[in-house]
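Fold and geometry: a report
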Amino acid sequence: MKTPHGDLDRWPDPAVANARRSVFAQDLVVEGDTTSSGPIEVQGNVIGSLRAPEITVAGSGRVEGSVVAHDLVVLGAVSGMISARNVQLAPSAIVQADVIHDRIAIEAGAELEGRLQRKA
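Residues numbered from 1 in each chain as written. Predicted model: local features only at pLDDT ≥ 70, side-chain atom pairs only at ≥ 80, totals over all residues. Heavy atoms only, no water.

A closer look at the nonpolar core
Side chains that are nonpolar tend, in soluble globular proteins, to be buried together. Rules: For the purposes of this section, nonpolar cores are sets of buried Ala, Val, Leu, Ile, Met, Phe, Trp, Tyr and Cys residues that join through side-chain atoms within 4.5 Å. Residue burial is assigned from relative accessible area. The probe radius is 1.4 Å, only protein chains are included, and a residue is buried under 20% of its type maximum, exposed over 50%, and partly exposed in between. We count a stretch as a helix when DSSP gives it H or I for four or more residues in a row; a strand needs E for two or more, and each element gets its number in order from the N terminus. Note on definitions: a residue-residue contact is assigned when non-hydrogen atoms from the two residues lie within 4.5 Å.
Of all hydrophobic cores here, the largest spans 24 residues; its most connected members are Leu-50, Ile-55, Val-63, Leu-72, Val-74 and Ile-82. If you list the elements that add at least two residues to this core, you get strand 6 (40–42), strand 8 (50–57), strand 9 (62–74), strand 10 (77–89) and strand 11 (94–106). When residues no more than four places from it in sequence are discounted, the contact partners of Ile-55 are Ile-40, Leu-50, Val-67, Val-68, Ala-69, Asp-71, Leu-72 and Val-73.

Quick notes on the pairing of strand 8
Put simply, the rule reads: One bridge is not enough; two strands pair if DSSP finds at least two bridges between them.
Examined bridge by bridge, strand 5 (residues 34–35) and strand 8 share two bridges and lie parallel to one another. In the strand pairing of strand 8, Thr-35 is matched with Arg-51. As paired strands, strand 6 and strand 8 are joined by three bridges and run parallel to one another. Each bridged residue has a counterpart across the sheet, and for Ile-40 the counterpart in strand 8 is Ile-55.

Some remarks on the pattern of salt bridges
So the rule is basically this: Salt bridges are counted wherever a side-chain nitrogen of Lys or Arg sits within 4 Å of a carboxyl oxygen of Asp or Glu.
Under the defined criterion, the tally for this structure stands at five salt bridges. When salt bridges that share partners are traced, they join Arg-85, Asp-102 and Arg-118 into one network.

Quick notes on the environment of Val-74
Relative to the elements of secondary structure, Val-74 occurs in strand 9. Exposure remark for Val-74: the relative accessible area of 0% places this residue in the buried category. Along the chain, Val-74 and Gln-88 lie 14 residues apart, while their C-alpha atoms are 6.3 Å from each other. In contact with Val-74, not counting residues within four places along its chain, are Val-57, Gln-88, Leu-89, Ala-90, Ala-93 and Val-95.

Right, dumping it as structure tokens:
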């Protein structure tokens, strides 16, 4: 499936062991599309698409757009579209998105509004 924000059909490969983590600080607002071959931690706001092997949306983080990852952990907020092989929604997660996944874990307290679609 193609969207204006990128290719959701292919998940990135897992991050290599020595890949460095990119951190989007709490006071940072990123507008546009971001791609990384290493892990990304979002503590601030992203308006656009994110694509990386591992993405963590921290409790203070917010993403408005598409998120494509091999492994995704959401503690903050995501609105838009999610495509990830492994998705984990923490109790503090607020997600308003359709989610394409292979495996998903939704912890008690997480808020999810959208459709779930399992893709093996």
